[in-house]
Amino acid sequence: MKLSSYLLAIRPWSLSASLIPTLLGTALAYKLTGLAGVGLITLLLTLFTVACVHGAGNVVNTYFDYIKGVDSRKSDDRILVDQLLSQDELVSLGAWLYTGGCLAFVLLAMISPAKMEHLALVYFGGLSSSFLYTGGIGLKYIALGDVLILIIFGPISVLFAFMAQTGYAEWNTMYYAIPLALNTEAILHSNNTRDLESDKRAGIVTLAILIGYTASHVLYAFLLFAPYISFVVLALRHSVWFLLPLVTLPKAFNIEKNFRNPATIQNVPKHTASLNLYLGILYIIACLLTDRLPYLRTA
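Since the model is a prediction, treat every value here as computed from it, not as a measurement. (Residues numbered from 1 in each chain as written. Predicted model: local features only at pLDDT ≥ 70, side-chain atom pairs only at ≥ 80, totals over all residues. Heavy atoms only, no water.)

Trainee: How should I be thinking about the state of the cysteines in this particular structure?
Mentor: Defined simply, a disulfide is a covalent bond joining two cysteines at their sulfur atoms. Evaluation of the coordinates by the stated rule reveals 0 disulfides. Free of any disulfide, Cys 102 has its nearest cysteine sulfur in Cys 52, 9.3 Å distant. Since its relative accessible area comes to 27%, Cys 102 is described here as partly exposed. (Disulfide = S-S within 2.5 Å. Buried < 20%, exposed > 50% of the residue type's maximum accessible area, 1.4 Å probe, protein only.)

Right, dumping it as structure tokens:
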């Protein structure tokens, strides 16, 4: 029972938001260097490192949301509200996850061709961001969480995985991260829109609160469907394989419909995360099947 509570606290359903960009970065490295330039152990360590830091960030989010009174009896996060774990147990879980991520990073840095200082800069930037989202200054509570999510769960994750495999930074990989970053931001924005009233009562400020329900609906639709527009453009200009993620478009329309209905918005964040997983996998497959990816160059 306790083990399931620890697992629930990590929010495994949300981990695709960081693991999919990590896999994308590895796929881009493979397209440039070939199979000989991509290491399986490096990939596994990168995935474990990213998952630990993301999971720790989720735990920190749960802790500070509860401390600041954001989580209540109506909240989706039940870990501390229902006392499934104590505050001390949750803090210990976060510490262990950050420790596990750091140990995995040390091993990764030892076998990666990337310079330690370059890899560490990206890694510790992501680690500190996962904490500062709700810990410390609490960027989430001052309407800056959306910006952080767009940067971390996209460009930074892709770049980190790419560097770990190739040993150098290719900044154009960030172009490929944009569709995933927008879709991931849709997860956060749907969550903040759903919790708009309770967040307002708790005294915090999110983007959804600043712009209101109507504009939030428009923004969510943009975040949800803009990636599909980018895939169509890539397909028309470079490869028909980029149409592959459009298989998930009917699911996206259904989720957007649920978002507009107060009676069905409750589960929209989890459904958006599920869409993120399937869209991301198909996007990665499309990149792997494309003969020559645009914008990328070898070191």
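Trainee: Please clarify how the side chain of Gln 165 should be interpreted in this entry.
Mentor: Looking at where Gln 165 falls in the secondary structure, it is placed in helix α6 (residues 145-166). Setting aside residues no more than four positions away along its own chain, Gln 165 makes contact with Thr 26, Ala 29, Gly 37, Val 38, Gly 39, Thr 42, Leu 43 and Pro 113. (Helix = DSSP H or I, 4+ residues; strand = E, 2+ residues; numbered from the N terminus. Contact = heavy atoms within 4.5 Å.)

Trainee: I tried to follow the nonpolar core on my own but got confused; where do I start?
Mentor: Side chains that are nonpolar tend, in soluble globular proteins, to be buried together. Formed by 38 residues in total, the largest nonpolar core has its most connected members in Leu 24, Leu 28, Tyr 176, Phe 242 and Tyr 283. Taken together, the elements giving at least two residues each to this core come down to α2 (16-33), α6, α7 (173-194), α9 (207-237), α10 (249-259) and α11 (268-289). Beyond its immediate sequence surroundings of up to four residues, Phe 242 is in contact with Phe 231, Leu 234, Ala 235, Tyr 283, Ala 286, Cys 287, Thr 290 and Leu 293. (Core = buried A, V, L, I, M, F, W, Y, C linked by side-chain atoms within 4.5 Å.)

Trainee: Sorry if this is basic, but what is going on with the environment of Leu 127 here?
Mentor: With respect to the helices and strands, the residue Leu 127 is situated in helix α5 (residues 116-132). Look at Leu 127 and you get buried, because its relative accessible area is 16%. Once residues lying within four places of it in the same chain are set aside, the contact partners of Leu 127 are Val 53, Tyr 98 and Cys 102.

Trainee: Explanation requested: the UniProt feature "transmembrane region" (unreviewed entry) in the chain in the structure shown.
Mentor: As recorded in UniProt, the sites labelled "transmembrane region" (unreviewed entry) are residues 39-64, 90-112, 118-135, 147-168, 202-222, 228-249 and 275-295. The span residues 39-64 carries 96% helix and 0% strand; its end-to-end C-alpha distance comes to 38 Å. In the segment residues 202-222, helix accounts for 76% and strand for 0%; the C-alpha atoms at its two ends are 28 Å apart. (UniProt positions renumbered as here; feature names shortened; annotations may be inferred.)

Trainee: When you look at the packing of aromatic side chains in this model, what are you seeing that I'm missing?
Mentor: The description of an aromatic ring pair rests on the distance of the ring centres and on the angle between the ring planes. According to the stated counting rule, one finds 15 aromatic pairs in the structure shown. Residues Tyr 63 and Phe 64 carry aromatic rings whose centres are separated by 5.2 Å and whose planes lie at 90° to one another, so their mutual orientation is edge-to-face. On the accessibility criterion, Tyr 63 (23% relative accessible area) is partly exposed. Grouping aromatic residues by their ring pairs yields a cluster made of Phe 225, Tyr 228, Phe 231, Phe 253 and Tyr 283. (Phe/Tyr/Trp six-rings, centres within 6.5 Å; stacked < 30°, edge-to-face > 60°.)

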